[in-house]
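For reference, the chains in residue letters:
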Amino acid sequence: MLSELEIQAVIGFTGKITQGLILHPDNEHIIYPLGSTIVVRHIISRAQTFLRGHDNQISVITVSRSGDYVASGQRTYMGFQADIIIWDFKERSMIHRLKLHKVLIQSLSFSYNELYLASLGGIDDKNMLIVWDIKAGKALYGTPNRDPVNQVQFYNQSDEKMIAVLNTGVQILTIDKQNKKIQSVDVNFGNVKRTFTCVAIDKNDKYCYCGTKTGDVFEIQMDMAIYKRLAPVKKLFSQGVNCVGLLPNGDIIVGAGDGMIAKVSFQTMQIVASSELLGGVTSITFTNDYTHFFTGTSQSNIYWLDTEKLIPELRNTCHYERINDVAFPHNYSDVFATSSLNDIRVWNAKNRQELLRIQVPNLECWAVAFMNDGKSIVSGWSDGKIRAFLPQSGRLMYVINDAHIHGCTSLTCTSDCQRIISGGSEGEVRVWEIGKQTQVMKSSMKEHRGRVWSIQVRRNNEQAVSASADGSCIIWDLKSFTRVMCLFESTLFKMVLYHPEESQLLTTGSDRKITYWETFDGQAIRMLDGSEEGEVNALAITKEGEHFVSGGEDKEVKLWGYDEGICYFKGQGHSGTITRITISPDQKSIISVGAEGAIFIWKMPESVINAKAQQELPTVQSVKKQNELQQQTQQQQSLQAPKDSQSQKSNPVAKSVKSGTKSSKK
C-alpha cells in the first residue's frame, strides 16, 4: 500500500455549486467544496481541515440544523453509482457512504429533527428522490419524477414534509409511512409558466419563495399550495435567480446570475438595497443573529456582507478556471505565482492569501516564471506576446510583440537574467536578449513541428532542452543556436527536466511513461509507468535529485524515488487534471495546480526530509575524523621536531617538504 501525502493547505473554492458555501451553526467555521475534497476553515485563524472520501467532483453539500452532520454528494461517469457521504463534523470522520443514485447527486436536505436525509438524483437517475434513515444509513422511501428536479428541501418544523423545485413547477411532498410512499401535490400557478431554480422556506412553514431563470421570485402559500405574489415589482433580475435567503422579518435576500445581490422588502416586494459582486451569486449563508452573511460567487470569490445595507467585503479569492503554470522565485519559498485565464496571481505561501493580481482581459496566460534576480515576472500569453511585470506593483515593464504566432506556450530564463527562451504552439523555440531598454530576438530555431510544452536550461546557460507534442525533445546549443541532440519517442511530450547533476533527463507525456535519458548519447535508460489511466502532464525533482513528483489526468500526485523508480507516496484531492507541479525551494512542500482551478499545497514527507539529513550526516562524521587525524599527525610531528631539527640544517629537501606540509595545513 502506498502512503498518503498529507495536505498542508488548499487555495480554492468551487463557486459554481449552488449553496456550496455554508457557515456552520457554531459561527466559527465555513464549509465549502474544492474538487473532491470538503474544506472546513476556521474563520479567524484560517486553519483548515479536510474531509476526503469522494473520488470525483463534489456536486452538492449541506449541513444539519445542529451542525453535527455534514452530507455531500458527487458526480461520476455515465452508468456508475454516485456516492453520498454523511460526515460527523466534530470527529471530522465518515459515518455512512450511501450508494443508490447514478451519475449525479442534484440536491441534499436534512430533516428538522435530523432523522432523515433526502437525496435527489439527476436526469440520468430518472430524477429519483430517496429518503434515508441517518442512524441506520439505509434507504426508506423512494420515488422517480418525470420532470427534472433542481432542489429538494425539508420543512423547518416537520420531518415528513418537503418541497421539490422542478423545472416546470413546484411540488409539496409528504412521506406516507403507512403505505411507504411519497405523496405529491402540485402548486397551482395558473397560466404563469417559469423554469424554477431554487427555494427558501420561512421559519413557520407558511410561505416559501422560489427563484426562476426569468429573474423573478414567487411567494407560495404552502398549506394551500398556491402562489400569492411576485417579486421584484417592475424589474427582473438579470441572468436569473440562483439562490434565495430569508431574514427573520420576512425580507428576501436574492442572488442573481449577473452578480447582483439584492434585498427585497416583504411588504412592498420592491428592491430596498443591492450590490454588485464579481461573478454570479451561487451561495447565501447567514450568521446566527442574521446581521451578516457570507456569499459565494461563480468566479470563486467569497464576500462578507451586512444584511442592512449589503456593503460587500471581499474575504477570499482564487482561480475559477484552469491553472496552466506555477512558479517560485529563485531560492525563496514564501511566495509563488500561478497563471490562468485572464490573470496571473501572486500568493503568500504561508497564509494562502492573494498578494497581487495582474489582469489581462480576454487572454489566457500559458506560462509564468520569475527572473533569478527577482526583479520581474515573465509570462507567455495566448495572443503570442511575452509580457514582463514588476513583482510588487504588477506594473507592465515591457512587452515582446509577436513573439510567437499562435501563442507563447512555455518559457524559461537564464540564470544571468539576460536571456529568455520561449516556445510557441507552432513549434518554434526562440531566444531573446533582454537589455535595460530593448528586447531583441537572437535566434529562432525551427525544428519542432508541434506545440512546445516545456523548456529547461542548464546551469551554465550554454544548453537548453525543449519538449514538444511532435514526439521529440531537442537539446539546443545556446552559443551557436544549433541542435546538439534529438530524442524521439512515439508520444506527445508534456514535460522535460534536467536531473540536478545534469547528466540525465526526465521526460513524460501522453504515453503515461516517465522516461530517463542519458544526455551524453541520447539513449533511453529506463521507463516507468507513471499512471495506469491518463497521461502524465507534470514533473518536478528535488534539489538533491533523490526524489521526483509526477501528476496528470489520473488526478493523483505521486512521489517517486529516483534511483529505485518506485512510487512511495500518493496524494488525492484534485477533481480535474493536474496541469503543473513544483517543489518549493526549501524542499518542504509540493504545490500542484489543476484544471478545476485548485491549488493544493502538500507536505513533503518527513521520511524524504530525514533521508536528506541522513545523507548529510556521513559527511559531517568524515570531517570530524579528518580533524582527529590531523590532530594526531600534529602531535606526532611535534614529538619528532627536536630530532628532525638537526637533519633539516643539512638536508634542504626536508625543509621544502616541511614547509609544504605546513602550507597545506594552513
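None of these values were measured; they are calculated from a predicted model.

Cut-offs used in this document
- Each residue is numbered by its place in its chain's sequence as written, counting from 1.
- Only residues with pLDDT of at least 70 are given local features in this predicted model, and only at 80 or more are side-chain atom pairs given and counted; all residues enter the totals for whole chains, interfaces and linings.
- Hydrogens and water are ignored here; the side-chain numbers use all heavy atoms of the structure.
- Helix and strand definitions here come from DSSP, where helices need a minimum of 4 consecutive H or I residues and strands a minimum of 2 consecutive E residues; each element is numbered from the N-terminal end.
- Each residue is placed in one exposure class: buried if its accessible area under a 1.4 Å probe, protein chains only, is under 20% of its type's maximum, exposed if it is over 50%, and partly exposed if it falls in between.
- Here, two residues are considered to be in contact whenever any of their heavy atoms come within 4.5 Å of each other.
- Using a 1.4 Å probe, accessible areas were evaluated by the Shrake-Rupley method; residue-level cover was limited to the displayed protein chains.
- In this count, Lys and Arg are taken as positive residues and Asp and Glu as negative ones, while His and the chain termini are left out.
- Just so you know, the charge point we use is NZ for Lys, CZ for Arg, CG for Asp and CD for Glu.
- Here, a strand pair is defined by DSSP locating no fewer than two bridges between the strands.
- Fitted lines through C-alpha atoms serve as axes, helices being fitted only where they are in contact, and the angles separating the N-to-C directions of these axes extend from 0 to 180 degrees.
- Cavities and pockets are defined on a 1 Å grid built over the protein atoms alone: a cavity is a set of grid points where a 1.4 Å probe fits but cannot escape, while a pocket is an open set with protein on both sides within 12 Å along at least five of seven lines, and lining residues are those with an atom within 4 Å of any such point.
- Grid points are joined across faces, edges and corners, and a volume is the space filled by probe spheres set on the points.
- In the scheme used here, Gly and all other residues not listed as nonpolar or charged are polar, with Ala, Val, Leu, Ile, Met, Phe, Trp, Tyr, Cys and Pro taken as nonpolar and Asp, Glu, Lys and Arg as charged.
- Here, two cysteine sulfur atoms that lie within 2.5 Å of each other are counted as a disulfide.
- UniProt positions are given in the numbering used here, feature names are shortened, and annotations may be inferred rather than shown by experiment.
- Counting of polar contacts relies on pairs of N or O atoms within 3.5 Å, with two restrictions inside protein: one atom must be capable of donating a hydrogen and the other of accepting it, and residues adjacent in sequence are counted only when both atoms are side-chain atoms.
- By nonpolar core is meant a set of buried Ala, Val, Leu, Ile, Met, Phe, Trp, Tyr and Cys residues that side-chain atoms within 4.5 Å join together.
- Only one rule defines a salt bridge in this text: a Lys or Arg side-chain nitrogen within 4 Å of an Asp or Glu carboxyl oxygen.

Caption draft 1: Spotlight on the overall build of the chain. On a plain count of helices and strands, the chain comes out with two helices and 55 strands. Structurally, the chain occupies a C-alpha span of about 125 × 60 × 50 Å along its principal axes. Taken across its 666 residues, the chain has 55% of its residues classed as buried. Taking the intrachain contacts of the chain between residues at least 6 apart in sequence as the baseline, contacts between residues at least 24 apart amount to 42%. As displayed, the chain offers around 30400 Å² of accessible surface, 47% of which is attributable to carbon and sulfur atoms. The positive charge centre, built from 72 side chains, and the negative charge centre, built from 70, are 4 Å apart in the chain.

Caption draft 2: Up close: the sheet that holds strand 11 (residues 105-110). Spatially, 11-12-13-14 is the arrangement adopted by the four strands of the open sheet, whose pairing is antiparallel. Taken across any chain shown, the strands that pair with only one partner, and hence form the sheet edges, are strand 11 and strand 14 (138-143). Ignoring strand direction, the axes of neighbouring strands in this sheet form an average angle of 20°. Note that strand 12 (residues 116-121) and strand 13 (residues 129-133) share five bridges and pair antiparallel. Looking across to strand 13, one finds that Ser119 is bridged to Ile130.

Caption draft 3: Structural context of the pairing of strand 53 (residues 578-583). Counting buried residues in strand 53 gives six out of six residues, a clear majority hidden from the surface. Pairing of strand 53 with strand 54 (residues 589-594), which is carried by five bridges, proceeds in the antiparallel orientation. Pairing of Arg580 across the sheet is with Val593, part of strand 54. From the end of strand 53 to the start of strand 54, which pair antiparallel, there are five residues, and Gln587 there has a positive phi angle of about 65°.

Caption draft 4: How the structure looks around the layout of surface pockets. Of the volumes computed, that of the second largest pocket is approximately 1400 Å³. Around the second largest pocket, the lining is made up of 46 residues, and of these His330, Thr412, Gln456, Leu497 and Thr582 lie nearest the centre. Only strand 31 (323-327), strand 33 (354-370), strand 37 (408-413), strand 41 (452-457), strand 45 (493-498), strand 49 (536-541) and strand 53 provide two or more residues apiece to the lining of the second largest pocket. Partitioning the lining of the second largest pocket into residue classes produces 24 nonpolar, 16 polar and six charged.

Caption draft 5: Fine view of the state of the cysteines. Overall, the coordinates contain zero disulfides when judged by the stated rule. Looking at Cys413, it has no disulfide partner, and the nearest cysteine sulfur is the one in Cys417, 7.4 Å off. Accessibility expressed as a relative area gives 12% for Cys413, which makes it buried.

Caption draft 6: A look at the UniProt feature "repeat: WD" (unreviewed entry) in the chain. The sites that carry the UniProt feature "repeat: WD" (unreviewed entry) are, in the present numbering, residues 401-442, 445-486, 529-560 and 571-604. The span residues 401-442 is 0% helical and 52% strand by assignment, and the distance between its end C-alpha atoms comes to 15 Å.

Caption draft 7: A look at the side chain of Thr507. Structurally, Thr507 can be placed in strand 46 (residues 504-509). Here the side chain of Thr507 touches Trp517 through a polar contact of 2.8 Å, side chain to side chain. Beyond its immediate stretch of four places on either side in the chain, Thr507 contacts Cys473, Phe493, Met495, Val496, Lys513, Ile514, Thr515, Trp517 and Leu539.

Caption draft 8: The nonpolar core, seen in detail. Counting residues in each nonpolar core, the largest one holds 42 residues, and the members touching the most others are Phe336, Ile581 and Ile599. Sequence-distant contacts of Phe336, defined by excluding residues within four places in its chain, comprise Ile11, Val326, Ala327, Phe328, Arg345, Val346, Trp347, Ala349, Ile591, Ile599 and Ile601.

Caption draft 9: Local environment of the pattern of salt bridges. Using the criterion set out here, one finds 23 salt bridges in the structure. One salt bridge connects Glu219 with Arg229, and the closest N-O pair in it is separated by 3.0 Å. Of this pair, Glu219 sits in strand 21 (residues 217-221) while Arg229 sits in strand 22 (residues 226-231), placing them 10 residues apart in sequence. Take Glu219: its relative accessible area is 4%, and that puts it in the buried class.

Caption draft 10: Up close: empty space enclosed by the protein. Evaluated as defined, the whole model comprises two cavities of 30 Å³ or more. Broken down by class, the residue content of the lining of the largest cavity amounts to three nonpolar, four polar and three charged. Of the voids in this model, the second largest cavity is the one considered here, and its volume is about 30 Å³. Lining the second largest cavity, in full, are Glu489, Thr491, Phe493, Thr507, Thr508, Gly509, Asp511, Lys513 and Thr515. Mapped onto the lining of the second largest cavity, the elements with two or more residues apiece are strand 46 and strand 47 (513-518). Taken together, the residues of the lining of the second largest cavity break down into one nonpolar, five polar and three charged.

Caption draft 11: The environment of Val185, seen in detail. Within the secondary structure, Val185 is located in strand 18 (residues 181-186). Once residues lying within four places of it in the same chain are set aside, the contact partners of Val185 are Val170, Gln171, Ile172 and Ala225.

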